[in-house]
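Geometric and topological summary
Here is how the chains run, residue by residue.
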Amino acid sequence: MKELTVSTSQCLEQNGSRIIAKNGKKSDNGHENCTFHHDLELDHRPPTREALLPDMANSYRLLLTGLGEDPERQGLLKTPERAAKAMLFFTKGYDQSLEEVLNNAIFDEDTDEMVVVKDIEMFSMCEHHLVPFYGKVSIGYLPQGKILGLSKLARIVEIFSRRLQVQERLTKQIAIAVTQAVRPAGVAVVIEGVHMCMVMRGVQKINSKTVTSTMLGVFRDDPKTREEFLNLVHSK
């Protein structure tokens, strides 16, 4: 098999080829092992998100001009840079993976009783209008010999909420992530959100809330288990 050396300017992807990492280790499938896919061993490095700031700031300047504003006036001089930094923060979940966030905080525990963490604050960005939606997330799961550090549930919410989202997909992604983490007998997730695209534009219903849920495993199959979770979530 032909061997190829990876340089900083290359991310090689060729069938039948093998890539040699900087530390001498070999890995198959080329591009699938570059740092775009969370492999930090290769010398190839994509641009950092901070490197995107100048282009993003220029885009915000064009937007301000298109709105009829003068981006050179005093109050707007630093607005493009501030807006670019804010958007990177709002979408920082793209830089996070489940494995990194869990950080081995999975513990063996002989319990099969329901674990519920409710009212986790959530902030996200609507992918349809690029305006915020926010609310609270409640997560429950039934362990099967393994439990997750409680703060990690909140961090899982952060991974997926800090991306361009729709609430329906966000709810399912959180449930699937908990399932992947500890393989419980079931997972339940409920999100109650307020969408600024409904409050500030369109129908302008300021008191409307959107509730979504995902039930997996026994929470879907057993009505009593599902009812117990929902009672705990709605209790004061």
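Owing to the predicted nature of the structure, the values given are computational and were not obtained by experimental measurement. (Residues numbered from 1 in each chain as written. Predicted model: local features only at pLDDT ≥ 70, side-chain atom pairs only at ≥ 80, totals over all residues. Heavy atoms only, no water.)

1. Points about the overall build of the chain
When helices and strands are tallied, the chain shows eight helices and ten strands. Each of the 236 residues in the chain was classed as buried or not, and the buried ones make up 37%. Long-range contacts, defined here as pairs at least 24 residues apart, represent 61% of the contacts in the chain between residues at least 6 apart. When the accessible area of the chain is evaluated, it comes to approximately 14400 Å², of which 52% is carbon and sulfur surface. (Helix = DSSP H or I, 4+ residues; strand = E, 2+ residues; numbered from the N terminus. Buried < 20%, exposed > 50% of the residue type's maximum accessible area, 1.4 Å probe, protein only. Contact = heavy atoms within 4.5 Å. Areas by Shrake-Rupley, 256 points an atom, 1.4 Å probe, with all protein chains shown as cover.)

2. Quick word on the nonpolar core
In this structure, Val137, Ile139, Ile156 and Ile174 are the most contacted members of the largest nonpolar core, which totals 28 residues. Elements with a contribution of two residues or more to this core: α3 (98-102), β5 (115-126), β6 (132-142), α4 (150-161), α5 (167-182) and β9 (186-195). Looking at which element gives the most residues to this core, the answer is α5, with seven residues. Core analysis: the second largest hydrophobic core is formed by eight residues, Ala188, Met215, Phe219 and Phe229 among them. (Core = buried A, V, L, I, M, F, W, Y, C linked by side-chain atoms within 4.5 Å.)

3. Some remarks on the side chain of threonine 214
In this fold, threonine 214 is placed in strand β10 (residues 210-217). Threonine 214 sits in the buried class, given a relative accessible area of 11%. In this structure, threonine 214 is in contact with Thr171, Lys172, Ala175, Val187, Ala188 and Val189, ignoring residues within four places of it in sequence.

4. Let's talk about a negative patch on the surface
A cluster of acidic residues, Glu109, Asp110, Asp112, Glu113 and Glu228, forms a negative patch on the protein surface. Among the secondary structure elements, glutamate 228 is positioned in helix α8 (residues 223-234). A residue is classified by how much of its surface remains accessible, and glutamate 228, at 43% relative accessible area, is partly exposed. (Patch = residues over 30% accessible without salt bridge, like charges linked within 9 Å, V, L, I, M, F, W, Y side chains within 5 Å. Salt bridge = Lys/Arg side-chain N within 4 Å of Asp/Glu carboxyl O. Lys, Arg positive; Asp, Glu negative; His and termini not counted. Charge placed at Lys NZ, Arg CZ, Asp CG, Glu CD.)

5. Details of the state of the cysteines
Tallying each qualifying case throughout the model produces zero disulfides. Of the cysteine sulfurs around cysteine 197, a residue in no disulfide, the closest is that of cysteine 126, at 4.2 Å. Taking the relative accessible area as the measure of exposure, cysteine 197 reaches 11% and is therefore buried. (Disulfide = S-S within 2.5 Å.)

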